[in-house]
Amino acid sequence: MAGRLEHPGYDEEKLRIVSEQLPCREVQAGALLSLMGQPQQYCYPSLFIYGHRASGKSHVVNTLMKELELPHATVSCVECISAALLFEQVLLAFFGCDAASLLPRSPSLSDFVRIYRQQASQSPAEQTRYIVLEKAELLRDADANLLPALLRLQELVSIFLYSEIVWDKFRPNTGCFEPLLLHFPDYSKGELQQILSKDRHPSYSAEFYSSYVHILLGVFYAVCRDLRELRHLAALNFSKFCEPVAAGKAKETDAHKLWKNIEPHLKKAMQTVYLREVSSLQWEQMEEHDAGALRGLSAHTHVELPYYSKFLLIAAYLASYNPARTDKRFFVKHHGKIKKTNFLKKNEKTSNHLLGPKPFPLDRLLAIFYSVVDSRVAPTASIFSQRDMSVKFVLITCVNICFPLQIPEFKVAVFLFLCRFVLFTSFAL
Amino acid sequence: MSKRKVKDTHLPIGECITQVHHILRKRFCHQQLPDAPEGVEAQHRHLMELLKRSAVHGESNSVLIVGPRGAGKTMLLRSVLRELAEETEVQKNLLQVHLNGLLQTDDRVALKEITRQLHLENVVGDRVFGSFAENLAFLLDALRKGDRSSSRPVLFVLDEFDLFAHHKNQTLLYNLFDVSQSAQAPVAVVGLTCRLDVLELLEKRVKSRFSHRQIHLLSTLTFPQYSERVRAQLSLPDDFPDAKFAQQWNAAVTTLCEDKSVRDVLQRHFDSSKDFRSLHMLLMLCLSRVSVAKPTITAADFLDASRSCLADAKANMLHGLSILELCLIIAMKHLNDVYEGEPFNLQMVQNEFRKFLQRKTNSMYNFEPPVIMKAFEHLQQLELIQLADGSSAKTQREYRLMRLMLDHVQVMEALQKYPQCPTDVKQWAMSAFA
Amino acid sequence: SSELRFKLCLDLWNQIKTETEALQDELHRNILDSLLEFTRKCSSTRQHSDWASQMRASEIPTAALVLGVNVPDHDLTFQSLSELLRDSVTPHVASLQAKECGGNGFRLLIWSLNSTAQILMGTVVDDDEEEEEEVQQPGSRRHHSVLCSLQALCDWYSSKTKARPPRGGTPGKKRSSAAVDEQHRQPPVVIIFKDLEAFNPRVLQDFILICSRYVQRLPLMFIFGIATAPSTIRHMLPNSVSSLLCIELFQSLSCTQHLTTVIDKLILTSNFPFKLSGRVMQVLVSIFLYHDFSVRNFIKGLQVRISRFQALYVRRRILNFHQYACVQRSVKSQAGNTWNDDTLALCRAELVLTTVVFLRMLAKDELISLLQKCAEVLQPVKSKQMKNARVQLEELLAKFKQLDGENIQHEDNLTSPVKDLQKKTDLFQLQKTLLEMNESRRSKRRSPFELLRNEAVEFIDSLVKNHLSPPESKPLYEVCYYSSSATVRRHLNATPRTSIQAALGRPYNYIQNDSLKAEDGTVSNAAPDICIAYKLHLECGRLINLYDWLEAYSTVVSAAEDGDPDSDGFGKVDEVKHARFIRAVSELEFLGFIKATRKKTDHVARLTWGGC
């Protein structure tokens, strides 16, 4: 193997296992290991690892920690809705639940550090302890002191942070102890090929699967380099790929035939890359149904709306995108002649759909609604409840908080295509 | 005798390397104190004198150590304290209380911590105090009773001093300074801060009780001194078990520091910052490459380490984007150029992107709007684009106004480095008119 | 004997109710079954994994259940869903509702985590008490910890699944098959999000992120209840979150179909001695179609009808119970005679087509498919007339098809503007075309399709009229038919605003005092204060000067007190009038007609316009 991990102070057998589990990340794992040093040596107090999603950040660190049996506490910052949870989890991981129960009800950082010191002096560490914080960007939302304080825990413990966001965005106003930055670069095409080929289907040969991965990457690499997404795509389309082989129409080596078979499917999958709206089973079903125009579940934008709701929506749409002064012209039967030339200001014409909907008051919505609906509609309670329902479904958003007697303002929130869809279906265009 | 014995030992190379790591890591990662103050001798003397007077003669005092991050404030204080501790009289006399503005976020917590560090929890018990001042006075009083007629001096170290100024009414600071001025009990207050304007933060009544003694740590290091420090930091001490190895190592370090490329690297670092910590980071990266197979630090290590220290993280992130995301960034760049930095929304970006696609006959980037939306979201998640100030989160996602957090040069550089970048995209990025 | 009648009515209602519930269950059976199948499959593949599920081992299986906008109906669905899940798949089912997790940000997250954990742990305590000890264990170990974390849930789950003794050992219980046993040992934990749209996206994302960290240890499963469209998921979750889910879509029956079945099975049968006249039916259906799409509300409407029906009898005392029973029997036999098979079939067809009539704007494809359905219904009928009808229907269909062919030529006319619309995002273009369409409709330049559609509708109409004589023509129809559509409308589709305005504008109608009688549009001087104030404010502009208003009010009131218009005191504001005026104004403010403005302190803003 090219990049074997070697480092004094660790069991070689374990290192071998580790490097087997970390394909294409030997360089990073090696760098990390050499920064950590031998278990008894000091590690740099804080390390900030950044890189794209699915570039192996947590995988490398976790594998190293687990396989080499280093004392560590892995905490995901999403889960720590309060700092208390973070403290609890760290103490729990290092010293067991007795230490965690020493924390007072709403612990401050001071309490945490005190208990940590006390516990650490009771069971002095021969090895460096590591606190591993996933999704470190969320620490910024917590108490402003938390991140700088954690970075200053240096004398006690080494902190590993990882995030998809660069460190520059973390630095507090007055600065703090700077961590050592380590970048995990994205995988190259060759590396992706190597990694994806690892999860081969048990009933097919490794070469067969690897050729499949090759084709897959050929199509998707340009638009998608996310390992997780590629793996999803691989799982999604594989059954289609091996269909001719399973049916006995082609041999595993019949590369050209297989390519011809899979190509249109992959092209179609391009349309829905990243959307993740469909699982493999339904994907296949959809392919069977309409091989022609496949557009994922996003095509299912069909919303059944009651008759008046449709009109409410349309009215809301018109109110959002038309300037209020044009209402008279559009909705009053005998509005008189307005000169066309200065009817529209120039900027209004082009940028309305670029700038998004404008808020409008309830009066206007209802006025347009009544003029759009052909028949006379009584202002019944149901109409108002429909308005509230639309707000609830995020079709329309309420811009200001409605005080009981204030005129609420709204904005249309549905996407244009949905509006159009409603228009076309209700008028049989 | 022992020294002779050490000199003769020959350790296997692996053992030597382990020792090197052990010693140097202690310096870089654990901030082991140097044997003597370097470059801050005057400040050292000043502080030493002050604290000695408090510790030995029971004089009250207050002082602020001000200096940028990583300038060695803590190191200065610690080395002074270490020196003080060597004197037996100080050792049995002086009490120390260490507080940190990051940890003791309010005065109640701070007071608790003071009680704890003075080992007075039992004395205080369940007693209830009327005011903060009363409580503090009680604590200091308690120290007096057990001992002689005169009380023991207490040294208060306030790290991140500026944060204490944000506490309500600055009660702690007021009381500490008050005690130190009115000589109720011998108290020395040492504040460490990186804010030069820290005095402006203090309330009038607090400020008037402060001695206005400040020790500034503004580095006046010259480059030769800087490179000498690098050499010293990398050198092994005389008591290294294997003297021969140490000699070789030190010689190698000396030649290394004179190497042209290393000097260039150091010059660049010197120009950007002179502090200890960034230097330690650089040296740590070099040290991490030392192994049995490669038992010395080479110039190439320095180059690599400096590269990874100075790397533009955003450029690194741009490298991993998909083509679609890159295209969106280019579209945003064009919008920025055309509208002179006005914020934009997704619709505009999409429009710009569409214009690019329309000029081409066969396009493989014909994505559905939802897919583009996802790419846009991803960029936002990476914080390469951010919400413009005025745009509320309530606005629909396509119409939220955003700003690009990259500049022209960064985008263009990223394009050059991007693997397998299609030429038409490159040309589009280069073209002045989108 | 009104009591007896009441009981009878209650029985009837209960009968209808159970019937509808059974029917609803039946209708949901399909989708619920497939959901159950999905959960079962997910939990079993987790244990015996093949390649495909291995690839997805780190994803949380998620069912997106698209239910339509008829929110009132959802509760029932979710209730039966969770019951079914508890019965046959797993005891661990928790449902979350957005309004329970109200508020913003992290607190909500805590809440949802807590409530999930509590619901899950709670159910099991209720389930069997012997397990209580284990449930308490994780809690007591870290008793001080206020927050229930997913970690705790995980511990609880593993302790619970481990503690469960192997089924085979227990005496007295039937030995279940291996597969079932396996499933019981690792039952999935199902979390139902009843109304996905209403959740705060940020919280939902965090929740999913947290859950996905535990998916290896805790067999989690989500069910998203979606009211609008599946694309909601895409809008709410960014790719980084949605890639943690393995989503499968389940679409419930469309609610029109649902209603059709309900009407078909409940109302158009001879099982119940209770019928609706055409107009009442129309009211009910139009409420359904125009307003809420809610089958539950429809049933509610039916209930109102029945109670009114009963009340009517109490008031009129036309028939006593014996007669009633007697008549009922006769009607039943009568119904048996007249409603022979083909009329029933036609009836069904009519029902399908009432929808057409109501929604005259139905698209072409749908209309054609409906007509085809009609033809199919008529297929097995033997009578001559019916055959005739079928032939005509088929002719119509043929015409439609022919039209399709013509349409290709007419594409310029019809389809191209639509295509244009789809391409161009220009709002004004869109509006122009819309206006054109409107005009074309007004000027009766109907497209051939529209003409044909009308023809078809008329044909069906006449067909139905021929074959189905209105029930009013039958003797004793009022025994079974309920026909007061106005009351129904009043009860179900209230118009609160109109009634308030009517009360204020024409107080006579409410107070029935002769002195208040006045010509149209005016209010007598003697009307209550609030009516006068209201009337006066109608004449004002957007901002009303309070002092002017007071002056006007005082003049009107003085006139009512028969003061001498020429005297000095006439129209003077005294304290009593002032107070009365203030009360009237504040009442108007309370009713939402005016509000105070910040622009001018002595003015109030008017909030309502026009006559409605």
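Everything quoted here is computed from the prediction, not taken from an experiment. (Residues numbered from 1 in each chain as written. Chains lettered and ligands numbered in written order. Predicted model: local features only at pLDDT ≥ 70, side-chain atom pairs only at ≥ 80, totals over all residues. Heavy atoms only, no water.)

When helices and strands are tallied, chain A shows 19 helices and 8 strands. Within chain A, the fraction of its 429 residues that count as buried is 58%. In chain A, 68% of the contacts between residues at least 6 apart in sequence involve partners at least 24 apart. Approximately 17,800 Å² of chain A is accessible, and the part contributed by carbon and sulfur atoms is 54%. (Helix = DSSP H or I, 4+ residues; strand = E, 2+ residues; numbered from the N terminus. Buried < 20%, exposed > 50% of the residue type's maximum accessible area, 1.4 Å probe, protein only. Contact = heavy atoms within 4.5 Å. Areas by Shrake-Rupley, 256 points an atom, 1.4 Å probe, with all protein chains shown as cover.)

A separate point is the overall build of chain B. For chain B, the count of helices and strands is 23 helices and 7 strands. Whereas a compact globule of 434 residues would reach a radius of gyration of roughly 22 Å, chain B reaches 30 Å, over 25% beyond that. Expressed along its principal axes, the backbone C-alpha trace of chain B runs to roughly 95 × 70 × 35 Å. In chain B, which comprises 434 residues, the proportion classed as buried is 53%. Considering only residue pairs separated by 6 or more positions, chain B has 75% of its internal contacts joining residues 24 or more positions apart. Of the roughly 20,200 Å² of accessible surface on chain B, a fraction of 51% belongs to carbon and sulfur atoms. Chain B carries 54 positive and 51 negative side-chain charges, and their two centres are separated by 1 Å. (Rg over C-alpha atoms; globule rule 2.2 N^0.38 Å. Lys, Arg positive; Asp, Glu negative; His and termini not counted. Charge placed at Lys NZ, Arg CZ, Asp CG, Glu CD.)

All names here are of chain B. Among the 6 residues in strand β1 (residues 61-66), 6 count as buried, and that is most of the element. Burial along β1 is two-sided: N61, V63 and I65 and S62, L64 and V66, pointing in opposite directions, are all buried. Pairing analysis gives 3 bridges linking β1 to strand β5 (residues 214-216), with the strands arranged parallel. Its bridge partner being in β5, L64 is matched across the sheet by Q214. (Pairing = 2+ DSSP bridges.)

Before going further, it helps to spend a moment on the interface of chain B and chain C. Taken residue by residue, the interface counts 6 residues in chain B and 7 residues in chain C. For the pairing of chain B and chain C, the buried interface totals around 520 Å² over both sides, and the portion due to carbon and sulfur atoms is 44%. Run the count over chain B and chain C and you get 0 salt bridges. Counting across the interface, chain B meets chain C through 2 residue pairs in polar contact (both at pLDDT 80 or more). Class assignment of the residues belonging to the side of chain B that touches chain C gives a composition of 2 nonpolar, 1 polar and 3 charged. (Buried area = accessible area lost by both parts, 1.4 Å probe. Salt bridge = Lys/Arg side-chain N within 4 Å of Asp/Glu carboxyl O. Polar contact = N/O pair within 3.5 Å; in protein donor to acceptor, adjacent residues only side chain to side chain. Nonpolar A, V, L, I, M, F, W, Y, C, P; charged D, E, K, R; others polar.)

Residue and element names in this part refer to chain B. Pairing within the open sheet is parallel, and its 5 strands lie in the order β2-β3-β4-β1-β5. Both edges of this open sheet fall to β2 (95-100) and β5, since each of them pairs with a single strand only. Looking at each pair of strands side by side, their axes are set apart by 15° on average, direction ignored. Packed onto the sheet, helix α6 (residues 107-117) meets β2 and β3 (154-159) and runs at close to 150° relative to β2. Contacts from helix α10 (residues 171-182) reach β1, β2, β3 and β4 (187-193) within the one sheet, and its direction differs from that of β4 by about 135°. (Axes fitted to C-alpha atoms, helices over the stretch in contact; angles between N-to-C directions.)

A complete count under the given rule lists 31 salt bridges over all chains for this structure. Residues A:E69 and A:K14 are paired through a salt bridge, measuring 3.2 Å at the closest nitrogen-oxygen approach. Taken together, the residues A:E69 in the loop between α3 (57-67) and β2 (72-76) and A:K14 in helix α1 (residues 12-21) connect sequence positions 55 residues apart. Residue A:E69 is classed as exposed on the basis of its relative accessible area of 55%. For A:K14, a relative accessible area of 24% corresponds to the partly exposed category. Linking A:R171 and A:D168 is a salt bridge whose minimum nitrogen-to-oxygen distance equals 4.0 Å. A single salt-bridge network, built from bridges that share partners, covers A:R152, B:R69, B:D159 and B:E160.

The next thing to look at is helix α14 (residues 243-258) of chain B. All names here are of chain B. In a regular helix each residue adds 1.5 Å, so 16 residues correspond to 22 Å; α14 covers 23 Å between its end C-alpha atoms and thus fits that length. Residues of α14 that are buried: A243, F245, A246, W249, N250, V253, L256 and C257. Seen from one end, α14 has its buried residues packed into an arc of 155°, which puts them on one side. For α14, exposure combined with an orientation more than 90 degrees from the buried face picks out Q247, T255 and E258. The N-cap of α14, judged by a side-chain oxygen 3.1 Å from the amide nitrogen of K244 a few residues on, is D242. (Expected span 1.5 Å × (residues − 1). Arc of directions from axis to C-beta.)

All names here are of chain C. Strand order in the open sheet made by the 3 strands is β8-β10-β9, with antiparallel pairing throughout. Of all strands in the sheet, those bounded by a partner on one side alone are β8 (543-545) and β9 (594-596). On average, each strand axis in the sheet is inclined to that of its neighbour by 35°, with strand direction left out of account. Lying over the sheet, helix α26 (residues 546-560) contacts β8, β9 and β10 (603-606), oriented at roughly 60° with respect to β8.

Let us now look at the nonpolar core. Among the nonpolar cores identified, the biggest contains 163 residues, and A:L133, A:F220, C:F193 and C:F222 are the most heavily contacted of them. With 10 residues, helix α19 (residues 323-339) of chain B is the largest single contributor of residues to this core. The residues touching C:F193, leaving out its near neighbours within four places in the chain, are C:L96, C:F199, C:L204, C:F207, C:F222, C:I223, C:F224 and C:G225. Counting residues in each nonpolar core, the second largest holds 64 residues, with A:M36, B:V230, B:L236 and B:V265 among its members. (Core = buried A, V, L, I, M, F, W, Y, C linked by side-chain atoms within 4.5 Å.)

Here we take up empty space enclosed by the protein. Residue and element names in this part refer to chain B. By the definition in use, this model includes 15 cavities of 30 Å³ or more. Taken as a whole, the largest cavity spans an internal volume of roughly 230 Å³. Lining the largest cavity we find 19 residues, and of these G70, G72, K73, T74 and R277 sit closest to its centre. Considering every element that reaches the lining of the largest cavity, the biggest residue donor is helix α4 (residues 73-85), with 4 residues. Of the residues belonging to the lining of the largest cavity, the class tally is 5 nonpolar, 6 polar and 8 charged. (1 Å grid on protein atoms, 1.4 Å probe; cavity = no way out; pocket = protein on both sides within 12 Å on 5 of 7 lines; lining within 4 Å. Points joined across faces, edges and corners; volume = space filled by probe spheres on them.)

Each assigned domain of chain B is listed with its residue range as follows: domain 1 (41-216), domain 2 (228-308) and domain 3 (315-432). Each of domain 1 of chain B and domain 2 of chain B has a C-alpha centre, and these two points are 38 Å apart. (Domains from an automatic or database assignment.)

Judged by side-chain polarity, C:I500, C:F590 and C:L591 come together as a nonpolar surface patch covering roughly 300 Å² of accessible area. Secondary-structure assignment places C:I500 in helix α23 (residues 496-505). (Patch = residues over 30% accessible without salt bridge, like charges linked within 9 Å, V, L, I, M, F, W, Y side chains within 5 Å.)

Once that is clear, we can look at the domain arrangement of chain A. All names here are of chain A. Entries for chain A in the domain assignment read domain 1 (12-183), domain 2 (189-298) and domain 3 (307-336 + 347-427). Taking only C-alpha atoms into account, the centre of domain 1 sits 38 Å from that of domain 2. Contacts between domain 1 and domain 2 engage 6 residues on the former and 7 residues on the latter. At the boundary of domain 1 with domain 2, the tally comes to 1 salt bridge. As a salt-bridge pair, D226 and R53 come within 2.9 Å of each other at their nearest N and O atoms. Here domain 1 and domain 2 share 1 residue pair in polar contact (both at pLDDT 80 or more) between them.

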